[in-house]
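For reference, the chains in residue letters:
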Amino acid sequence: KIVVKDRVHLELPAAWFVYGAKGLDRLAQVSEQIFGHRKRYPTSFAAQSEQTAPVAMVRVTVSPADPPLTQAELKANAQEFADELRNELREATAEMWARLAKIGVKPVGEPRVDVEELGGQLAIVIRYGRTQPGHPGMTMRVEQYWVPLGSEMAQITLSHLEGDPKAVASRDRIKRSIRIH
């Protein structure tokens, strides 16, 4: 069992590769190279199904929420928050995809924004597909969960290779194991 920042608890399938401090720093460097700046709050935990050529991945970041947002506020205004995020995505994604195109990543389909439960908490979830660098015929399905916890926000990203039953099973197993406090 893995505990991230005393907030997110999850279990990984056996033999998964877990990033150490150097690996997390490398993720931050790659992000900086692509987007031109370091993320304000780096990834707290990352793991993938294999060290090279992974078919499923999980990343967790727990950071300060600015402004703070409670579970009660999200529940009371779920549709409003989802609609607002959907509109922000339309404006922000063009630049993001232009930068990702430089490394061979393109969007697949339209992103979806929903509000649903994850690990015992309500979350805003963004779902989208993207190609793999160097493999334009392979699609990764990505689910980004934004879980408001008052003064903190947990961001949990689950990704899996579309059409790979083992990847889907791993993603489902991790998702079922998640508990957020």
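For the structure, see preceding data.
Summary of the structure given here. Residues take numbers from 1 onward in each chain, read along the sequence in its written order. Local features in this predicted model are restricted to residues whose pLDDT is 70 or higher, and side-chain atom pairs enter the listing and the counts only when it is 80 or higher, whereas totals over whole chains, interfaces and linings include all residues. Water and hydrogen atoms play no part in the side-chain values, which are based on all heavy atoms of the structure.

A look at the overall build of the protein chain
Worth spelling out the cut-off: In DSSP terms, a helix is any run of H or I states spanning at least four residues, a strand is any run of E spanning at least two, and both are numbered starting from the N terminus. Burial classes: relative accessible area under 20% of the type maximum marks a residue as buried, over 50% as exposed, and values in between as partly exposed (1.4 Å probe, protein chains only). Each accessible area is a Shrake-Rupley estimate made with a 1.4 Å probe; only the visible protein chains count as cover when residues are assessed.
Per the secondary structure count, the protein chain includes 4 helices and 9 strands. In the protein chain, the succession of α and β elements from N to C terminus is β-β-β-α-β-β-α-α-β-β-β-α-β. Each of the 181 residues in the protein chain was classed as buried or not, and the buried ones make up 45%. Accessible surface for the protein chain amounts to roughly 10100 Å². Of this, 53% is attributable to carbon and sulfur atoms.

Considerations on the sheet that holds strand S4 (residues 45-48)
Note the following rule: Strands pair, by our definition, only if DSSP identifies at least two bridges between them.
Strand order across the open sheet formed by 6 strands is S3-S4-S5-S8-S7-S6, with antiparallel pairing between neighbours. Two strands lie at the open edges of the sheet, namely strand S3 (17-18) and strand S6 (107-118), each paired on one side alone. Where S6 lies against strand S7 (residues 121-132), 9 bridges are found, and the strand directions are antiparallel. Paired with proline 107 across the strands is arginine 130, a residue of S7.

Structural notes on helix H3 (residues 78-101)
Just so we agree on the cut-off: Between the first and last residue of a helix there are one fewer steps than residues, each counted as 1.5 Å, and that sum is the expected span. Across the chain, bend at a residue is computed as the angle between axes fitted to the seven residues ending at that point and the seven starting from it.
If you check H3, its first and last C-alpha atoms are 32 Å apart, about what 24 residues at 1.5 Å a residue would give, namely 34 Å. Along H3, the sharpest kink reaches roughly 40 degrees, centred on alanine 92. Those residues of H3 that fall on the buried side of the exposure criterion are Ala78, Ala82, Leu85, Leu89, Thr93, Trp97 and Leu100.

Notes on the sheet that holds strand S1 (residues 2-4)
Taking strand neighbours across the sheet as the criterion, the 3 strands line up as S1-S2-S9 in an open arrangement whose pairing is antiparallel. Of all the strands in the sheet, the pair left with one neighbour each is S1 and strand S9 (179-180). Note: S1 against strand S2 (residues 8-10), 3 bridges, orientation antiparallel. Its bridge partner lying in S2, valine 4 is registered against valine 8.

Describing the side chain of threonine 93
To be explicit about the condition: Nitrogen and oxygen atoms within 3.5 Å of one another constitute a polar contact, given that in protein one can donate a hydrogen and the other can accept it, and given that sequence-neighbouring residues count only through two side-chain atoms.
When you line up the elements, threonine 93 lands in helix H3. Residue threonine 93 is classed as buried on the basis of its relative accessible area of 16%. Engagement of the side chain of threonine 93 in a polar contact is seen with the backbone oxygen of leucine 89, the distance being 2.9 Å.

Structural notes on the nonpolar core
The line we're drawing: In plain words, nonpolar cores are sets of buried Ala, Val, Leu, Ile, Met, Phe, Trp, Tyr and Cys residues tied together by side-chain atoms within 4.5 Å. Contacts are residue-level and defined by heavy atoms, with any inter-residue pair within 4.5 Å sufficient.
Counting residues in hydrophobic clusters, the biggest one holds 28 residues, and the most contacted among them are Val8, Val58, Val60 and Ile156. Elements that contribute at least two residues to this core include exactly S2, S4, strand S5 (56-69), S7, strand S8 (135-161) and helix H4 (165-177). In terms of residues, this core owes the most to one element, S8, which gives 8 residues. Those residues in contact with valine 60, other than ones at most four positions away along the chain, are Val4, Val8, Leu10, Thr43, Ser44, Phe45, Gln155 and Ile156.

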